[in-house]
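Observations on the model geometry
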Amino acid sequence: SGDEKKTLNLYKLAVKEDPKDIVRKVNLARYLLDIRRLEQCIKICEEIIKDDPRNFSAIYYRAVALFKDDHLSKALDGFEECLLIYQYDISSYVYKIRILLKYCEYDKIEEIFKFLDDLAIGSEALTFYKTKIRYEREVIEFSKNPDDDEMDYSYYIDTYENLLKKYKNNKSDIDDPM
């Protein structure tokens, strides 16, 4: 759209005025990610990382762009890199879980949950994924033993209903961090 193009030009102009200002470049990268210009976002982030290898924002935005562009292995490496810089970043854990889910790496996801539980780190997004994964695992186990009693869905229904209430009241972090 016209507004999108004007905004992008303003961000580019700001970088052009002071190409050494990393904050301006990070803002441009974030905007490129917002408008789904993923390759350009990755390129800007890599320029930033070249000058500042521990720039969390650039590493994070690059990882998100890689995730959104379905480069899951590279994205996973990027979120690992984020967590080396800041091990308490919930958004990086959520993305990591989403990637591991696509690979059906339930044991690795459970390790993440245990690690975060031990540190008392939580969020609605983590609760959502924890519930989703445990539900899926229980369904798989139940399907292996169909002679068992009927599966009890009440825990999962209650958890989802509570998360949904918070989400509808805009008091949730379940939405994509980006």
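Please refer to the structure higher up on the page.
So, here is what we can say about the structure in this document.

The rules behind the values
- Residues numbered from 1 in each chain as written.
- Predicted model: local features only at pLDDT ≥ 70, side-chain atom pairs only at ≥ 80, totals over all residues.
- Heavy atoms only, no water.
- Salt bridge = Lys/Arg side-chain N within 4 Å of Asp/Glu carboxyl O.
- Buried < 20%, exposed > 50% of the residue type's maximum accessible area, 1.4 Å probe, protein only.
- Helix = DSSP H or I, 4+ residues; strand = E, 2+ residues; numbered from the N terminus.
- Core = buried A, V, L, I, M, F, W, Y, C linked by side-chain atoms within 4.5 Å.
- Expected span 1.5 Å × (residues − 1).
- Polar contact = N/O pair within 3.5 Å; in protein donor to acceptor, adjacent residues only side chain to side chain.
- Axes fitted to C-alpha atoms, helices over the stretch in contact; angles between N-to-C directions.
- Parallel < 35°, antiparallel > 145°, perpendicular 65-115°, else oblique.
- Left-handed = near helix turned anticlockwise from the far one by under 90°.
- Contact = heavy atoms within 4.5 Å.
- Nonpolar A, V, L, I, M, F, W, Y, C, P; charged D, E, K, R; others polar.

1. What about the pattern of salt bridges?
- On inspection of all chains with the given rule, the structure shows seven salt bridges.
- Residue Glu17 pairs with Arg24 through a salt bridge whose shortest N-O separation is 3.7 Å.
- Overall, Arg24 belongs to the partly exposed group, its relative accessible area being 28%.
- Glu81 is the salt-bridge partner of Arg62, the closest N and O atoms lying 3.1 Å from each other. Highlighted residues: Arg62 in helix H4 (residues 56-68) and Glu81 in helix H5 (residues 72-85), separated in sequence by 19 residues.
- Assessed through its relative accessible area of 14%, Arg62 is described here as buried.

2. Some words on the nonpolar core
- Counting 48 residues, the largest nonpolar core has Cys41, Tyr61, Phe79 and Ile97 as its most contacted members.
- Broken down by secondary-structure element, the contributors of at least two residues to this core are helix H1 (2-17), helix H2 (22-34), helix H3 (38-51), H4, H5, helix H6 (90-102), helix H7 (106-118) and helix H8 (124-144).
- Counting residues per element, this core draws most heavily on H4, which supplies nine residues.

3. Some thoughts on H4
- Between its first and last C-alpha, H4 extends 18 Å over 13 residues, near the 18 Å set by a 1.5 Å rise per residue.
- Burial analysis of H4 places 11 of its 13 residues in the buried class, the great majority of the element.
- Among the residues of H4, Ala58, Ile59, Tyr60, Tyr61, Arg62, Ala63, Val64, Ala65, Leu66, Phe67 and Lys68 are the ones counted as buried.
- Capping of H4 at its N-terminal end is provided by Asn55; its side-chain oxygen lies 3.2 Å from the backbone amide nitrogen of Ser57.
- In the stretch just after H4, Asp70 is the one whose phi turns positive, near 65°.

4. So, the packing of H4 against H6
- At their nearest, the axes of H4 and H6 sit 12 Å apart, and the two run at 25° to each other. Considered as vectors, H4 and H6 are oriented roughly parallel to each other. With respect to the hand of their crossing, H4 and H6 are arranged in left-handed fashion. Facing Phe56, Tyr60, Val64, Phe67 and Lys68 of H4, the residues of H6 in contact are Ser91, Ser92, Tyr95, Arg98, Ile99 and Lys102.
- Across the contact of H4 with H6, the residue classes tally to six nonpolar, two polar and three charged.

5. Here we look at the side chain of Ser123
- Within the secondary structure, Ser123 is located in the loop between H7 and H8.
- A polar contact of 3.4 Å, which involves the side chain of Ser123, links it to the backbone nitrogen of Ala125.
- Side-chain polar atoms of Ser123 contact the backbone nitrogen of Leu126, separated by 3.1 Å.

6. Focus on the packing of H6 against H7
- Contact geometry for H6 and H7: axes closest at 9 Å, N-to-C directions at 160°. Considering the angle they form, H6 stands roughly antiparallel to H7. The two elements H6 and H7 meet at a crossing, and its hand is left-handed. Of H7, the residues touching H6 (which contributes Tyr93, Lys96, Ile97, Leu100 and Leu101) are Tyr106, Lys108, Ile109, Ile112, Phe113, Phe115 and Leu116.
- Grouping the constituent residues of the contact of H6 with H7 by class yields 10 nonpolar, no polar and two charged.

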